[in-house]
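Residue-level listing of the chains:
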Amino acid sequence: MSVQKASLLTTADTLVHQGVSREVDVSLLDMMALHLSDLQKLTGGSGVRMNLWAQGSMDGLTWMDLSYDLRLATDPGDSDVSADAGKKHVWESAPEGSETQAVAIFRQMPWERFRLRWKERVVAGGPGTYQATVRLVGK
Amino acid sequence: MRAQTIELLPSGTLTGSGETTGFPVKTGTMAVVGVDVGTEGGTTPELTVWLQVSDDGGTTWYDMPYDQAMVTSTGDTDVTADTDKRNIVDEITSGDAQHIATYKHLPADTVRLKWVISGTSPTWPVSASMVVK
């Protein structure tokens, strides 16, 4: 199968509180990856975090949180990377904004539609605003 | 699909950090990358090699995690369980080994190999290829 691409979030999207991204038809895909870049917290204190994760749907009405199979994140100023121990959040913003880029791979895609969901977790100093560029690449 | 072999890096000697050109993999769904590293030269040389993927034909690059990796040296055969799952060649200071990484899924349209070299006047004989299908 040839490669299919879609943009879910761009730098023109400001993430606040909670919400969902554009939806993508993934009915023809066997597998896919999310390419995340420009990850940063724009405003907010050290106690705010943004969590971003994937959701799949069979009918576009009911959505289920998805777990990824493999994830790799890149820290700024450091060539080192780490594989996330969790399997849900494709991005968990840290107060210091330690990640700028990440890849999350989903091995099977038994879904009709796909989207991202985000929700901010405020401990103190919130709410904050966040930015992320997320592109879907599938085959 | 029939397997396709891509010569990522022809046999030669690397003396500094760099990356290959991009190679299209628009229909490939899985891959294995082999990196053959010869005897190093220089003072305290270090070499790290990994695969990058792109979804826009080679403008933006992302580090790609592998599923499995293995190192075969002349004196031993070793299987690594690298926690970061990125580096095919992981900060080695001595060569004479083959490094292999398997990618069970390849959701990308373009791939390339990237490497970082440090040390004083370092030299690393390296060749690398990729089999995609």
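For clarity, every value in this text was computed on a predicted model and none was experimentally measured.

**Q** Looking at this structure, how should I read the overall build of chain B?
**A** Each helix and strand counted, chain B has 0 helices and 11 strands in total. Per-residue burial for chain B yields a buried fraction of 47% across its 133 residues. Across chain B, the fraction of contacts at a sequence separation of at least 24, relative to all contacts at a separation of at least 6, is 83%. Carbon together with sulfur atoms contributes 49% to the accessible area of chain B, which is approximately 5,900 Å² in total. Across chain B, the centroid of the 8 positively charged side chains sits 10 Å from that of the 17 negatively charged ones.

**Q** Teacher, can you tell me more about the interface of chain A and chain B here?
**A** One frequent convention defines the size of an interface as the accessible area lost when the parts assemble. At the interface, 26 residues of chain A touch 27 residues of chain B. Summing both sides of the interface, chain A and chain B together bury roughly 2,200 Å²; the carbon and sulfur share of this comes to 58%. Here Asp55 of chain B ties to Arg135 of chain A by a salt bridge, and the two come within 2.7 Å at their closest N and O atoms. For the pair chain A and chain B, the number of links is 14 residue pairs in polar contact (both at pLDDT 80 or more). Contributions of two or more residues to the side of chain A that touches chain B are made by β5 (32–43), β8 (70–74), β9 (81–82), β11 (101–106) and β13 (129–138) of chain A. The biggest single contributor to the side of chain A that touches chain B is β5 of chain A, with 5 residues. Considered class by class, the residues forming the side of chain A that touches chain B number 14 nonpolar, 7 polar and 5 charged.

**Q** Just checking my understanding: could you explain the pattern of salt bridges for this structure?
**A** What the rule picks out here adds up to 9 salt bridges over all chains. Note that Lys5 of chain A and Asp109 of chain B form a salt bridge whose closest N and O atoms lie 2.4 Å from each other. Of this pair, Lys5 of chain A sits in strand β1 (residues 4–9) while Asp109 of chain B sits in the loop between β10 (97–103) and β11 (110–132), each in a different chain. For Asp109 of chain B, a relative accessible area of 1% corresponds to the buried category. Taking the shortest distance from any N to any O, the salt bridge between Asp56 of chain B and Arg135 of chain A comes out at 3.3 Å.

**Q** When you look at the nonpolar core in this model, what are you seeing that I'm missing?
**A** Nonpolar side chains in soluble globular proteins generally cluster together in the buried interior. The biggest cluster of nonpolar side chains holds 38 residues, and the ones touching the most others in it are Val33, Val35, Leu47, Leu51, Leu113 and Met130 of chain B. For this core, the leading source of residues is β11 of chain B, giving 9 residues. Counting residues in hydrophobic clusters, the runner-up holds 32 residues, among them Leu34, Leu36, Ala102 and Phe106 of chain A.

**Q** Looking at this structure, I do not really get the confidence of the model for chain A. What am I missing?
**A** Parts of the model with low pLDDT should not have their predicted coordinates read in detail. Looking at chain A as a whole, the pLDDT averages 86, with 86% of positions reaching at least 70. Contacts from residues 76–81 of chain A, a stretch scored under 50 in pLDDT, to residues over four places away or in other chains number 15 contacts.

**Q** Would you mind showing me how to read the packing of aromatic side chains here?
**A** The description of an aromatic ring pair uses the distance of the two centres, along with the angle that the planes make with each other. Counted by the stated rule, this structure contains 2 aromatic pairs over all chains. Here the aromatic rings of Trp91 of chain A and Tyr130 of chain A are separated by 6.5 Å at their centres, their planes lie at 80°, and the arrangement is edge-to-face. Linking Trp91 of chain A in strand β10 (residues 89–92) with Tyr130 of chain A in strand β13, this pair joins segments that are 39 residues apart in sequence. For Trp91 of chain A, a relative accessible area of 2% translates into the label buried. Between Phe106 of chain A and Phe114 of chain A, the ring centres sit 5.9 Å apart and the planes meet at 75°, which makes this aromatic pair edge-to-face. Accessibility assignment for this pair places Phe106 of chain A and Phe114 of chain A in one class, buried. Taking NZ or CZ as reference, Lys88 of chain A lies 4.3 Å from the ring centre of Trp53 of chain A, over its face. Across the ring face of Trp50 of chain B, the terminal group of Arg86 of chain B is positioned such that the distance to the ring centre comes to 3.5 Å.

**Q** Please clarify how the pairing of β13 of chain A should be interpreted in this entry.
**A** For a regular strand, the rule is simple: side chains alternate between the two faces of the sheet. Residues and elements named next belong to chain A. Among the 10 residues of β13, 9 are classified as buried, and the element is accordingly described as predominantly covered. The pairing of β1 with β13 spans 5 bridges and is classified as antiparallel. Residue pairing across strands places Ala6 opposite Leu136, the latter belonging to β13. In this sheet, β13 lies alongside β5 in antiparallel orientation, the contact comprising 9 bridges. Opposite Ala33, over in β13, you have Val137 as the bridge partner.

Cut-offs and rules
- Residues numbered from 1 in each chain as written.
- Chains lettered and ligands numbered in written order.
- Predicted model: local features only at pLDDT ≥ 70, side-chain atom pairs only at ≥ 80, totals over all residues.
- Heavy atoms only, no water.
- Helix = DSSP H or I, 4+ residues; strand = E, 2+ residues; numbered from the N terminus.
- Buried < 20%, exposed > 50% of the residue type's maximum accessible area, 1.4 Å probe, protein only.
- Contact = heavy atoms within 4.5 Å.
- Areas by Shrake-Rupley, 256 points an atom, 1.4 Å probe, with all protein chains shown as cover.
- Lys, Arg positive; Asp, Glu negative; His and termini not counted.
- Charge placed at Lys NZ, Arg CZ, Asp CG, Glu CD.
- Buried area = accessible area lost by both parts, 1.4 Å probe.
- Salt bridge = Lys/Arg side-chain N within 4 Å of Asp/Glu carboxyl O.
- Polar contact = N/O pair within 3.5 Å; in protein donor to acceptor, adjacent residues only side chain to side chain.
- Nonpolar A, V, L, I, M, F, W, Y, C, P; charged D, E, K, R; others polar.
- Core = buried A, V, L, I, M, F, W, Y, C linked by side-chain atoms within 4.5 Å.
- pLDDT = per-residue confidence, 0-100.
- Phe/Tyr/Trp six-rings, centres within 6.5 Å; stacked < 30°, edge-to-face > 60°.
- Lys NZ or Arg CZ within 6 Å of the ring centre and 35° of its normal.
- Pairing = 2+ DSSP bridges.

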